[in-house]
Amino acid sequence: MRRAFLIAAVAAGLVMGAVQPVAATGDVVRPDDRRLAYEGHWGRTAEAATTVNSGARLRFRFTGDSVHALFDVSSITVPAQIYVSVDGGPKQVYAVDRNDLEIRAAGRGPHTVELSVKDVFSRAERWTPPLETGVVLTGVRGRLLGQKVPRTRQLAFYGDSITQGVMALCDVNTSDCADGTAAYPTLVADTLHASLTQVGFGRQGVIQTGNGGVPAASDAYGWNHAGSKADSDRKADVIVVNQGTNDTAWGPDEFRAAYRTYLDTLRAAAPHARILALRPFNGAHAEDIAAVVAELADTRIEFVDTADWLSLTDGDFNGTVHPSSQGHRKVADRLIALLAKEH
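This write-up is about the structure you can find in this document. Keep in mind the model is a prediction, meaning the values are calculated, not measured. (Residues numbered from 1 in each chain as written. Predicted model: local features only at pLDDT ≥ 70, side-chain atom pairs only at ≥ 80, totals over all residues. Heavy atoms only, no water.)

### Points about the state of the cysteines
Two cysteines whose sulfur atoms are joined by a covalent bond form what is called a disulfide. This structure, assessed with the given rule, holds one disulfide. Between C170 and C177 runs a disulfide, and the two sulfur atoms are separated by 1.8 Å. Judged by the sign of its S-S torsion, about -105°, the bond between C170 and C177 is left-handed. (Disulfide = S-S within 2.5 Å.)

Below, the structure is given as structure tokens:
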């Protein structure tokens, strides 16, 4: 399956360079350089920028006909998959399994590169270093240019494997079938021209811990991964929560207490954000979530009833829990309509 997927990507006219890295002119730009514009949860230092989240993005500009993205893969056993697009062109999919990735462009430029994380496999260790999966960028070699990052609406999405985009492309739980960029958070943000924080962890709930060593939602919130604090959501305009699907082992009282704690955590971190608490698409703890939102009586926290958004018989799911790309598109369209009411 992976071979067929990569062959199809090449046939679409993708632009990634050869297997063996070649020399590129220009200095190595450190991961914390302002010429690199990150979206989502990236732990950034002078030595590395690390993300364990599907849907995270990086943009930069350069001159010349090539640039090299440099990675640390020393601890990686399950390479993450990324997309690379140059100048808005076709996306190339690539497994981050090498230290040096050449990105080529036509002409001298200037050129714009967008690197987006397609999938970080949820069942490998991705919380406590040394990480077995994730994207660890150690620099970019080439002639990079400055760029202005405009102020846009800031959207944050927190959830489980559905938010991560697991099985969005096909019905097997592998990185080839997963695509965070095909999931509803990316679709919503791109349509609304908003900045995006997309955090989804497979198997996670507000009580249930996630795969890959990830804690439950309240304990994971505010961290990129263990030991790396995330950027604050204080300026977030909207936070969308999709939790509860994986908490079916707990009764209403336990779940409501944990869900309320989670919403309290989000409100404390983002005092002005509009918070949308989604009914899980399988209906898990729907009444409990609605009750917690009602009890909070916060006019900026809304229960969103998704009961009629998706259908198991219309191709909206791969399996019974994870939306297909078609299902994610339907969810995105509903959320876009809700968010378009507030600017």
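The discussion continues.
### Points about the packing of aromatic side chains
By the definition in use, this model includes six aromatic pairs. Both rings, one in F157 and one in Y184, keep their centres 6.0 Å apart while their planes meet at 70°; by these two values the pair is edge-to-face. Note that F157 is positioned in strand β11 (residues 154-159) and Y184 in helix α3 (residues 184-191), a separation of 27 residues in sequence. Accessibility expressed as a relative area gives 1% for Y184, which makes it buried. Between the aromatic rings of Y158 and Y221, the centroid separation amounts to 5.3 Å while the plane-to-plane angle is 70°, which identifies the pairing as edge-to-face. Here Y158, found in strand β11, pairs with Y221, found in the loop between α4 (217-220) and β13 (223-225); they are 63 residues apart in sequence, far enough to count as distant. Each of the two residues, Y158 as well as Y221, counts as buried. Pairwise contacts between aromatic rings join F157, Y184 and F281 into one cluster. (Phe/Tyr/Trp six-rings, centres within 6.5 Å; stacked < 30°, edge-to-face > 60°. Helix = DSSP H or I, 4+ residues; strand = E, 2+ residues; numbered from the N terminus. Buried < 20%, exposed > 50% of the residue type's maximum accessible area, 1.4 Å probe, protein only.)

### Section: the sheet that holds strand β16 (residues 274-278)
Spatial strand order, β12-β11-β15-β16-β17: five strands in an open sheet with parallel pairing. Both outer strands of the open sheet, β12 (195-200) and β17 (301-304), are each paired with one neighbouring strand and no more. Neighbour-to-neighbour, the strand axes of this sheet turn through a mean angle of 15°, independent of strand direction. Here helix α5 (residues 252-269) sits on the sheet and contacts β11, β15 (238-242), β16 and β17; the angle it forms with β15, its principal contact strand, is near 160°. (Pairing = 2+ DSSP bridges. Axes fitted to C-alpha atoms, helices over the stretch in contact; angles between N-to-C directions. Contact = heavy atoms within 4.5 Å.)

### Points about the pattern of salt bridges
Where charged atoms from two side chains of opposite charge come close, those side chains can pair. Per the counting criterion, the structure on display carries 19 salt bridges. In this structure, D231 and R44 form a salt bridge, with 3.3 Å as the shortest nitrogen-oxygen distance. One end of the pair, D231, is in the loop between β14 (228-229) and β15; the other, R44, is in strand β3 (residues 43-44), and 187 residues separate them in sequence. Taking relative accessible area as the criterion, D231 reaches 45% and is therefore assigned partly exposed. Each of the salt bridges in this network shares a partner with another, and the network as a whole consists of E39, R57, R59, E114 and D190. (Salt bridge = Lys/Arg side-chain N within 4 Å of Asp/Glu carboxyl O.)

### With respect to the environment of V29
Note on placement: V29 falls in strand β1 (residues 28-29). Along the backbone, V29 and G142 are 113 residues apart, and their C-alpha atoms lie at a distance of 7.7 Å. Other than its neighbours up to four places away in sequence, V29 contacts R35, L36, G139, V140 and L144.

### What to know about α3
With six of eight residues buried, α3 lies mostly within the body of the structure. Among the residues of α3, Y184, P185, T186, L187, V188 and A189 are the ones counted as buried.

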